[in-house]
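Residues per chain, in single letters:
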Amino acid sequence: MCSPNNGGSASEEDDKCVPRAAVYKMIKDCTRQIRVSGEAKEFFVQCCNEFIHTLALQANTVCEQQAKKLIHPDHIVTALDNLGFNSYKANCLNAMETAQEEMAQKRKKLHGKPASIYTQEELRRQQEILFEQAREELQQLEENDWAQTQELSKEVLRKKMEASRTDDDNYDD
């Protein structure tokens, strides 16, 4: 399938394969006490590719049977059952959950949203305090405006009354 001697171009074949380096690292992590030949490592890569290919085809069949156009994780789990790999289902579900959590963490880091040190309730309380302070400041400004308007009105009225008295005094002469 993804053998370097298959006749297809190497880069085209590698695009359809599990990365060799990743498989080699997994093999090394699993077999610390035993050396693995290059031929065996290559066979592992081919087995991985064949397994993924077979699983994808089965998941596609399950998806089509359910008249869906998008393969979801539950289709893959059903495909595992159909292929006789039900004993791996729990491990696969755990791996999927771990991968989803890692992706969520990566998304948070990418979007630059730092994790808050406050709980939602503490944030709501702080927000309410800020709203109350803003209301009090606004009310104080409105009261000051009203008082200033009243003072200006009194001053205008006083000046009009003085002007009117002056006019009345002018008529008396």
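Here is what the cut-offs are and how they apply
Residues numbered from 1 in each chain as written. Predicted model: local features only at pLDDT ≥ 70, side-chain atom pairs only at ≥ 80, totals over all residues. Heavy atoms only, no water. UniProt positions renumbered as here; feature names shortened; annotations may be inferred. Helix = DSSP H or I, 4+ residues; strand = E, 2+ residues; numbered from the N terminus. Buried < 20%, exposed > 50% of the residue type's maximum accessible area, 1.4 Å probe, protein only. Contact = heavy atoms within 4.5 Å. Areas by Shrake-Rupley, 256 points an atom, 1.4 Å probe, with all protein chains shown as cover. 1 Å grid on protein atoms, 1.4 Å probe; cavity = no way out; pocket = protein on both sides within 12 Å on 5 of 7 lines; lining within 4 Å. Points joined across faces, edges and corners; volume = space filled by probe spheres on them. Nonpolar A, V, L, I, M, F, W, Y, C, P; charged D, E, K, R; others polar. Axes fitted to C-alpha atoms, helices over the stretch in contact; angles between N-to-C directions. Parallel < 35°, antiparallel > 145°, perpendicular 65-115°, else oblique. Left-handed = near helix turned anticlockwise from the far one by under 90°. Salt bridge = Lys/Arg side-chain N within 4 Å of Asp/Glu carboxyl O. Phe/Tyr/Trp six-rings, centres within 6.5 Å; stacked < 30°, edge-to-face > 60°. Lys NZ or Arg CZ within 6 Å of the ring centre and 35° of its normal.

- The name given to the protein in an unreviewed UniProt entry is Protein Dr1, with the source organism recorded as Rotaria sordida.
- Entered under Subcellular location (unreviewed entry) in the UniProt record, the comment concerning the protein runs "Nucleus".
- The protein has a UniProt comment under Sequence similarities (unreviewed entry) that states "Belongs to the NC2 beta/DR1 family."

## Structural notes on the overall build of the protein
Item 1. Across its full length, the protein carries 6 helices and 0 strands.
Item 2. Reading the protein from its N end, one meets helices and strands in the order α-α-α-α-α-α.
Item 3. With 173 residues in all, the protein has 11% of them scored as buried.
Item 4. Considering only residue pairs separated by 6 or more positions, the protein has 33% of its internal contacts joining residues 24 or more positions apart.
Item 5. Element-wise, carbon and sulfur atoms account for 55% of the exposed surface of the protein, whose accessible area totals about 14700 Å².

## Brief notes about the layout of surface pockets
The rolling of a water-molecule-sized probe over the atoms marks out the regions of remaining empty space.
Item 1. Estimates place the volume of the largest pocket at around 450 Å³.
Item 2. Every residue lining the largest pocket is listed: Phe 51, Leu 55, Pro 73, Ile 76, Val 77, Leu 80, Phe 85, Tyr 88, Cys 92, Leu 93, Ala 95 and Met 96.
Item 3. Elements with a minimum of two residues in the lining of the largest pocket: α3 (38-65), α4 (73-82) and α5 (89-110).
Item 4. Quantified by volume, the second largest pocket comes out at close to 210 Å³.
Item 5. As for the second largest pocket, its lining consists of Val 18, Ala 22, Val 23, Met 26, Ile 27, Cys 30, Thr 31, Phe 44, Cys 48 and Ile 52.
Item 6. Elements with a contribution of two residues or more to the lining of the second largest pocket: α2 (20-30) and α3.
Item 7. Examining the composition of the lining of the second largest pocket, we find that 5 residues originate from one element, α2, more than from any other.
Item 8. Among the residues making up the lining of the second largest pocket, the classes are represented as 9 nonpolar, 1 polar and no charged.

## Focus: the packing of α2 against α3
Item 1. Their axes nearest at 10 Å, the elements α2 and α3 cross at an angle of 115°. Taken together, α2 and α3 sit at an angle that is classed as roughly perpendicular. Viewed along their axes, α2 and α3 form a crossing whose handedness is right-handed. In contact with Arg 20, Val 23, Tyr 24 and Ile 27 of α2, α3 contributes Lys 41, Glu 42, Phe 44, Val 45 and Cys 48.
Item 2. Considered class by class, the residues forming the contact of α2 with α3 number 6 nonpolar, no polar and 3 charged.

## A closer look at the pattern of salt bridges
Item 1. Applying the stated criterion across every chain yields a total of 8 salt bridges.
Item 2. A salt bridge links Arg 32 to Asp 29; the nearest nitrogen and oxygen atoms lie 3.9 Å apart.
Item 3. Given the relative accessible area of 66%, Arg 32 is considered exposed.
Item 4. A residue is classified by how much of its surface remains accessible, and Asp 29, at 36% relative accessible area, is partly exposed.
Item 5. Across the pair Lys 89 and Asp 81 runs a salt bridge, and its minimum N-O distance is 3.2 Å.
Item 6. Overall, Lys 89 belongs to the partly exposed group, its relative accessible area being 26%.

## A short note on unusual backbone geometry
Item 1. A positive phi angle is found at Ala 67, which is not glycine, with a value near 55°.
Item 2. Along the chain, the position of Ala 67 falls in the loop between α3 and α4.

## Describing the packing of aromatic side chains
Item 1. Per the counting criterion, the structure on display carries 2 aromatic pairs.
Item 2. Here Phe 51 and Phe 85 contribute two aromatic rings whose centre-to-centre distance is 5.2 Å and whose plane-to-plane angle is 90°, an arrangement assigned as edge-to-face. Of the two residues, Phe 51 is situated in helix α3 and Phe 85 in the loop between α4 and α5; the sequence distance between them amounts to 34 residues.
Item 3. Of the residues examined, Phe 51 reaches a relative accessible area of 32% and is grouped as partly exposed.
Item 4. When its relative accessible area of 27% is taken as the criterion, Phe 85 is described as partly exposed.
Item 5. For the pair Phe 85 and Tyr 88, a centre-to-centre distance of 5.9 Å together with 50° between the ring planes defines the contact as tilted.
Item 6. Grouped by ring-pair contacts, the aromatic residues Phe 51, Phe 85 and Tyr 88 constitute a single cluster.
Item 7. Note that Lys 41 overlies the ring of Tyr 24, its terminal NZ or CZ placed 5.5 Å from the centroid.

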